[in-house]
Amino acid sequence: MSMDFTDQRLSYEKGVLDQQSIPTSPFELLKGWISDANEQQVQEPYAMSLATCGADNRPSVRIVLMREITETGVVFYTNYESAKGQDIAENPNAEVLFFWHELERQIRISGSIAKIDAQKSAAYFQKRPHDSQVGAWVSQPQSGEVANREVMEQTFDQLQADYPENTQVPTPEFWGGYEIMVNEIEFWQGRANRMHDRIVYTRNAGGESAEGDNAISWDTKRLLP
(Lines give C-alpha, C1' and ligand atoms only; values in the text may rest on other atoms or scores of the structure.)
Protein backbone atom coordinates (compact mmCIF):
# COMPACT_ATOMS: atom_id res chain seq x y z
CA MET A 1 0.00 0.00 0.00
CA SER A 2 1.14 3.56 -0.70
CA MET A 3 1.40 6.22 2.00
CA ASP A 4 -0.22 9.60 1.29
CA PHE A 5 1.17 12.69 3.04
CA THR A 6 -0.43 15.30 0.80
CA ASP A 7 -2.69 16.55 3.62
CA GLN A 8 0.16 16.81 6.17
CA ARG A 9 1.56 20.33 6.52
CA LEU A 10 2.75 22.86 9.08
CA SER A 11 2.84 26.65 9.10
CA TYR A 12 6.36 27.87 9.91
CA GLU A 13 6.14 30.91 12.17
CA LYS A 14 9.05 30.76 14.61
CA GLY A 15 11.52 33.23 13.17
CA VAL A 16 12.55 35.95 10.73
CA LEU A 17 15.75 36.41 8.70
CA ASP A 18 16.31 40.06 7.75
CA GLN A 19 18.95 40.78 5.12
CA GLN A 20 19.49 44.27 6.53
CA SER A 21 20.61 43.02 9.94
CA ILE A 22 22.74 39.98 9.10
CA PRO A 23 26.51 40.01 9.87
CA THR A 24 29.06 40.54 7.10
CA SER A 25 30.54 37.07 7.66
CA PRO A 26 28.40 33.93 7.22
CA PHE A 27 30.48 32.16 9.86
CA GLU A 28 29.22 34.60 12.48
CA LEU A 29 25.62 33.77 11.55
CA LEU A 30 26.42 30.04 11.38
CA LYS A 31 27.86 30.11 14.90
CA GLY A 32 24.84 32.09 16.11
CA TRP A 33 22.37 29.59 14.68
CA ILE A 34 24.36 26.66 16.11
CA SER A 35 24.25 28.38 19.52
CA ASP A 36 20.48 28.89 19.18
CA ALA A 37 20.06 25.18 18.41
CA ASN A 38 22.15 24.29 21.46
CA GLU A 39 20.03 26.55 23.66
CA GLN A 40 16.88 24.89 22.32
CA GLN A 41 18.46 21.53 23.21
CA VAL A 42 18.37 20.27 19.64
CA GLN A 43 19.97 16.84 19.70
CA GLU A 44 23.37 16.93 17.97
CA PRO A 45 22.86 20.28 16.23
CA TYR A 46 26.28 19.79 14.62
CA ALA A 47 24.99 16.78 12.62
CA MET A 48 24.92 17.53 8.90
CA SER A 49 24.00 15.70 5.72
CA LEU A 50 27.02 15.42 3.44
CA ALA A 51 26.36 15.03 -0.29
CA THR A 52 29.19 13.89 -2.59
CA CYS A 53 29.40 12.72 -6.18
CA GLY A 54 32.27 10.67 -7.58
CA ALA A 55 33.40 9.90 -11.10
CA ASP A 56 30.31 7.72 -11.65
CA ASN A 57 28.10 10.88 -11.45
CA ARG A 58 25.88 9.19 -8.88
CA PRO A 59 25.19 11.45 -5.88
CA SER A 60 25.47 9.97 -2.40
CA VAL A 61 24.42 11.46 0.94
CA ARG A 62 24.93 10.52 4.58
CA ILE A 63 25.03 12.15 8.04
CA VAL A 64 28.40 13.23 9.44
CA LEU A 65 29.24 15.30 12.51
CA MET A 66 30.79 18.73 12.17
CA ARG A 67 33.64 19.01 14.67
CA GLU A 68 34.95 22.52 14.04
CA ILE A 69 34.10 25.82 12.39
CA THR A 70 37.26 27.42 11.01
CA GLU A 71 37.85 30.80 9.36
CA THR A 72 37.32 29.20 5.95
CA GLY A 73 34.94 26.28 6.44
CA VAL A 74 33.76 23.37 8.54
CA VAL A 75 35.63 20.20 9.55
CA PHE A 76 34.49 16.61 9.92
CA TYR A 77 36.35 13.32 10.42
CA THR A 78 35.93 9.99 8.67
CA ASN A 79 37.61 6.98 7.06
CA TYR A 80 39.57 8.12 4.01
CA GLU A 81 38.94 4.75 2.33
CA SER A 82 35.16 4.98 2.73
CA ALA A 83 32.72 5.50 -0.13
CA LYS A 84 32.62 9.20 0.68
CA GLY A 85 36.42 9.31 0.72
CA GLN A 86 36.50 7.76 -2.75
CA ASP A 87 33.95 10.30 -3.99
CA ILE A 88 36.00 13.17 -2.57
CA ALA A 89 39.20 11.84 -4.17
CA GLU A 90 37.45 11.82 -7.55
CA ASN A 91 35.48 15.05 -7.13
CA PRO A 92 36.30 17.52 -4.31
CA ASN A 93 33.06 19.50 -4.75
CA ALA A 94 30.43 18.75 -2.12
CA GLU A 95 27.56 20.18 -0.11
CA VAL A 96 26.35 19.81 3.46
CA LEU A 97 22.95 20.54 4.98
CA PHE A 98 22.00 21.33 8.56
CA PHE A 99 18.30 21.04 9.42
CA TRP A 100 16.81 21.98 12.77
CA HIS A 101 13.08 21.31 12.73
CA GLU A 102 12.66 22.78 16.21
CA LEU A 103 13.82 26.18 14.90
CA GLU A 104 12.34 25.81 11.39
CA ARG A 105 15.80 26.52 9.99
CA GLN A 106 18.23 24.96 7.59
CA ILE A 107 21.68 25.86 6.25
CA ARG A 108 23.21 24.69 2.98
CA ILE A 109 26.98 24.94 2.59
CA SER A 110 28.73 24.24 -0.69
CA GLY A 111 32.44 24.25 -1.45
CA SER A 112 35.49 22.12 -2.05
CA ILE A 113 36.88 19.50 0.31
CA ALA A 114 40.51 18.84 1.25
CA LYS A 115 42.22 16.74 3.92
CA ILE A 116 43.38 18.62 6.99
CA ASP A 117 46.84 18.32 8.56
CA ALA A 118 47.64 14.76 9.69
CA GLN A 119 48.85 15.93 13.10
CA LYS A 120 45.57 17.72 13.73
CA SER A 121 43.68 14.55 12.76
CA ALA A 122 45.81 12.47 15.12
CA ALA A 123 45.25 14.92 17.98
CA TYR A 124 41.49 14.66 17.52
CA PHE A 125 41.60 10.86 17.19
CA GLN A 126 43.39 10.59 20.55
CA LYS A 127 40.63 12.69 22.18
CA ARG A 128 37.94 10.20 21.15
CA PRO A 129 36.67 7.56 23.62
CA HIS A 130 38.88 4.49 23.70
CA ASP A 131 36.24 2.17 22.27
CA SER A 132 35.55 4.57 19.40
CA GLN A 133 39.24 4.57 18.58
CA VAL A 134 39.24 0.78 18.51
CA GLY A 135 36.08 0.75 16.42
CA ALA A 136 37.75 2.91 13.77
CA TRP A 137 40.26 0.10 13.14
CA VAL A 138 37.44 -2.39 12.47
CA SER A 139 36.35 -0.48 9.36
CA GLN A 140 38.96 -1.50 6.81
CA PRO A 141 37.52 -0.14 4.65
CA GLN A 142 34.43 1.63 5.90
CA SER A 143 31.43 0.57 3.80
CA GLY A 144 33.26 -2.62 2.83
CA GLU A 145 31.28 -5.86 2.85
CA VAL A 146 31.46 -8.14 5.89
CA ALA A 147 30.12 -11.70 6.22
CA ASN A 148 28.15 -11.03 9.40
CA ARG A 149 28.16 -9.01 12.63
CA GLU A 150 30.02 -11.76 14.48
CA VAL A 151 33.07 -11.15 12.29
CA MET A 152 32.99 -7.46 13.21
CA GLU A 153 32.64 -8.22 16.91
CA GLN A 154 35.49 -10.76 16.84
CA THR A 155 37.74 -8.18 15.22
CA PHE A 156 36.70 -5.59 17.79
CA ASP A 157 37.39 -8.00 20.68
CA GLN A 158 40.82 -8.83 19.28
CA LEU A 159 41.67 -5.16 18.95
CA GLN A 160 40.46 -4.57 22.52
CA ALA A 161 42.90 -7.26 23.62
CA ASP A 162 45.69 -5.67 21.59
CA TYR A 163 44.92 -2.20 22.92
CA PRO A 164 43.30 -2.53 26.36
CA GLU A 165 41.74 0.39 28.21
CA ASN A 166 44.24 3.06 29.32
CA THR A 167 46.66 2.22 26.50
CA GLN A 168 47.18 4.35 23.41
CA VAL A 169 45.45 3.26 20.24
CA PRO A 170 47.49 4.33 17.20
CA THR A 171 45.84 6.70 14.76
CA PRO A 172 45.05 4.84 11.52
CA GLU A 173 46.65 6.26 8.39
CA PHE A 174 43.32 5.69 6.63
CA TRP A 175 41.41 7.93 9.06
CA GLY A 176 41.35 11.70 9.48
CA GLY A 177 39.71 15.03 8.89
CA TYR A 178 38.39 16.94 5.92
CA GLU A 179 37.62 20.63 5.69
CA ILE A 180 34.83 21.88 3.45
CA MET A 181 36.16 25.25 2.31
CA VAL A 182 33.05 27.34 1.84
CA ASN A 183 32.19 29.04 -1.43
CA GLU A 184 28.49 29.61 -0.69
CA ILE A 185 26.16 29.39 2.31
CA GLU A 186 22.38 29.64 2.21
CA PHE A 187 20.47 30.38 5.41
CA TRP A 188 16.80 29.34 5.29
CA GLN A 189 14.23 30.46 7.85
CA GLY A 190 10.74 29.01 7.56
CA ARG A 191 7.93 31.56 7.37
CA ALA A 192 4.14 31.42 7.20
CA ASN A 193 2.40 30.81 3.86
CA ARG A 194 5.61 29.28 2.46
CA MET A 195 7.02 32.83 2.16
CA HIS A 196 10.34 31.60 3.54
CA ASP A 197 13.38 33.83 4.12
CA ARG A 198 16.40 32.67 2.10
CA ILE A 199 19.67 34.59 2.27
CA VAL A 200 22.77 33.42 0.38
CA TYR A 201 26.36 34.42 1.09
CA THR A 202 28.74 33.97 -1.86
CA ARG A 203 32.48 34.15 -1.42
CA ASN A 204 34.06 37.03 -3.28
CA ALA A 205 36.87 35.85 -5.54
CA GLY A 206 39.68 38.18 -4.47
CA GLY A 207 39.33 41.64 -3.05
CA GLU A 208 39.41 42.99 0.48
CA SER A 209 36.81 42.74 3.19
CA ALA A 210 34.68 45.67 4.31
CA GLU A 211 37.35 46.40 6.96
CA GLY A 212 40.00 46.85 4.27
CA ASP A 213 42.16 43.88 5.28
CA ASN A 214 42.91 40.67 3.42
CA ALA A 215 40.10 38.71 5.04
CA ILE A 216 37.54 36.92 2.89
CA SER A 217 34.71 39.14 1.70
CA TRP A 218 31.18 38.02 0.92
CA ASP A 219 28.28 39.11 -1.24
CA THR A 220 24.71 38.48 -0.10
CA LYS A 221 21.41 38.18 -1.91
CA ARG A 222 17.85 37.17 -1.12
CA LEU A 223 16.26 34.24 -2.98
CA LEU A 224 12.62 33.67 -3.72
CA PRO A 225 11.11 30.93 -1.52
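Residues numbered from 1 in each chain as written. Predicted model: local features only at pLDDT ≥ 70, side-chain atom pairs only at ≥ 80, totals over all residues. Heavy atoms only, no water.

Here's the deal with the environment of Gln-168
Turning to its location among the elements, Gln-168 is positioned in the loop between α5 (149-162) and β7 (175-189). Separated by 41 residues in the primary sequence, Gln-168 and Lys-127 have C-alpha atoms spaced 11 Å apart. If we skip the residues at most four places from it in the chain, Gln-168 touches Gln-126 and Tyr-163. (Helix = DSSP H or I, 4+ residues; strand = E, 2+ residues; numbered from the N terminus. Contact = heavy atoms within 4.5 Å.)

Examining helix α1 (residues 26-39)
When the terminal C-alpha atoms of α1 are compared, their 20 Å separation across 14 residues agrees well with the 20 Å that a helix rising 1.5 Å per residue should span. What α1 keeps buried is the set Pro-26, Phe-27, Leu-29, Leu-30, Trp-33, Ile-34 and Ala-37. Seen from one end, α1 has its buried residues packed into an arc of 160°, which puts them on one side. Exposed residues on α1 whose side chains face more than 90 degrees from its buried face are Glu-28 and Glu-39. After α1 finishes, the residue Gln-41 shows a positive phi value of roughly 60°. (Expected span 1.5 Å × (residues − 1). Buried < 20%, exposed > 50% of the residue type's maximum accessible area, 1.4 Å probe, protein only. Arc of directions from axis to C-beta.)

Observations regarding the packing of aromatic side chains
The tally for this structure, following the rule as stated, stands at 12 aromatic pairs. Aromatic side chains Tyr-77 and Trp-175 sit 5.6 Å apart centroid to centroid with 15° between the ring planes, which places their arrangement in the stacked category. Separated by 98 residues along the polypeptide, Tyr-77 in strand β4 (residues 73-79) and Trp-175 in strand β7 bring together distant segments of the chain. Both residues of the pair, Tyr-77 and Trp-175, belong to the buried class. Note that Lys-115 overlies the ring of Tyr-80, its terminal NZ or CZ placed 4.2 Å from the centroid. Over the face of the ring belonging to Tyr-12 we find Arg-194, whose NZ or CZ atom lies 5.2 Å from the ring centre. (Phe/Tyr/Trp six-rings, centres within 6.5 Å; stacked < 30°, edge-to-face > 60°. Lys NZ or Arg CZ within 6 Å of the ring centre and 35° of its normal.)

Description of the packing of helix α4 (residues 130-138) against α5
Taken N-terminus to C-terminus, the directions of α4 and α5 make an angle of 125°; their axes are 9 Å apart at the nearest point. What the angle tells us is that α4 and α5 run oblique. For α4 against α5, the interelement crossing comes out right-handed. Mapping the contact onto sequence places His-130, Asp-131, Val-134, Gly-135, Trp-137 and Val-138 in α4 and Met-152, Thr-155, Phe-156, Leu-159 and Gln-160 in α5. (Axes fitted to C-alpha atoms, helices over the stretch in contact; angles between N-to-C directions. Parallel < 35°, antiparallel > 145°, perpendicular 65-115°, else oblique. Left-handed = near helix turned anticlockwise from the far one by under 90°.)

Looking at the pattern of salt bridges
Under the criterion given, the structure shown has 8 salt bridges. Measuring nitrogen to oxygen at the nearest pair gives 2.7 Å for the salt bridge that ties Asp-197 to Arg-191. Between Asp-197 and Arg-222 there is a salt bridge; the shortest N-O distance is 2.9 Å. You can see Asp-197 sitting in strand β8 (residues 197-203) and its partner Arg-222 sitting in strand β9 (residues 218-222), a full 25 residues away along the chain. Residue classification places Arg-222 among the partly exposed residues on the basis of a relative accessible area of 39%. (Salt bridge = Lys/Arg side-chain N within 4 Å of Asp/Glu carboxyl O.)

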